[in-house]
Every structure is written in structure tokens, then in C-alpha cells.
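Geometric and topological summary
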Amino acid sequence: MSTAGFLAYAGLAMARDQSRTAVAIATERDVLTELFAMRRQLGWAGSNLNQVAKALNSGGEVPHLTAVIADIQRVAKSVKDAADRVANRQEGGAA
């Protein structure tokens, strides 16, 4: 299943759960929105990283390598933070 397919499936499953409160649904909607944003950021970072690899493999210089790596690290931290939020919510019994 693709990432987009999984997120759509998860969103629909959450919407069908009648036992959840509006606050829980809104919180999960925020997490899904954040995950979609991170997916876009990872795509941009991956594209930049591919351009870096191409330049380095052809003997070129990469003046913005530090910025590309910083972008990837920022997105990786965002992904970790979102995953931690989901894991903490599941451990606490709320979902």
C-alpha cells in the first residue's frame, strides 16, 4: 500500500469510529495533516539529495550540501516527533 493510500485508509477508518470524541478526531486530523506535509518535505529533500549525488558523481561541486543535509535532518526530526506523538497517545490509551 502506498503512503498516500495508507493515510487515506487511516483517515477514513478514524472517521467511521463513532466512539471517539471530537477532540480525539481533531487531534488525529492534525497529525495526518502534519504527516502529509512531511511527506511533501521528504519528497523535496529527496529530490535535492538526488541532485547532490548526481553533481558529486559527475565531479561537480555542491555549494549547498550543508543546507540540503540540514533540510533532511529537519524533516527527519519532524517525522520522529510525529511518530512519538502517535506512540505516546497509543501508550496512554487514547487514540
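Scroll up to find the structure this text is about.
Because the structure is a prediction, the values reported are computed rather than measured.

It is worth spelling out the overall build of the chain at this point. Along the chain, the regular secondary structure elements total 3 helices and 0 strands. Mapped from its N terminus to its C terminus, the chain presents α and β elements in the order α-α-α. Looking at the chain residue by residue over its 95 residues, the buried ones come to 16%. Sequence-distant contacts in the chain: of pairs separated by 6 or more residues, those separated by 24 or more amount to 60%. Per element, the accessible surface of the chain, about 6800 Å² overall, is 59% carbon and sulfur.

As a further point, take the pattern of salt bridges. Evaluation of the coordinates by the stated rule reveals 2 salt bridges. With a shortest N-O distance of 3.0 Å, Asp-71 and Arg-74 are connected by a salt bridge. Taken as a pair, Asp-71 and Arg-74 lie in helix 3 (residues 65-91) at a separation of 3 residues, close to a single helical turn. Using a relative accessible area of 27% as the deciding quantity, one classes Asp-71 as partly exposed.

With that settled, consider the environment of Ala-82. Position of Ala-82 among the secondary structure elements: in helix 3. For Ala-82, a relative accessible area of 2% gives the class buried. On a C-alpha basis, the gap between Ala-82 and Leu-32 in space is 9.3 Å, while along the polypeptide they are 50 residues apart.

Attention now moves to the environment of Ala-83. Following the sequence through the fold, Ala-83 ends up in helix 3. By relative accessible area, Ala-83 is classed as partly exposed at 45%. When the C-alpha atoms of Ala-83 and Val-31 are compared, they prove to be 9.2 Å apart, with 52 residues separating the residues in sequence.

Cut-offs and rules
Residues numbered from 1 in each chain as written. Predicted model: local features only at pLDDT ≥ 70, side-chain atom pairs only at ≥ 80, totals over all residues. Heavy atoms only, no water. Helix = DSSP H or I, 4+ residues; strand = E, 2+ residues; numbered from the N terminus. Buried < 20%, exposed > 50% of the residue type's maximum accessible area, 1.4 Å probe, protein only. Contact = heavy atoms within 4.5 Å. Areas by Shrake-Rupley, 256 points an atom, 1.4 Å probe, with all protein chains shown as cover. Salt bridge = Lys/Arg side-chain N within 4 Å of Asp/Glu carboxyl O.

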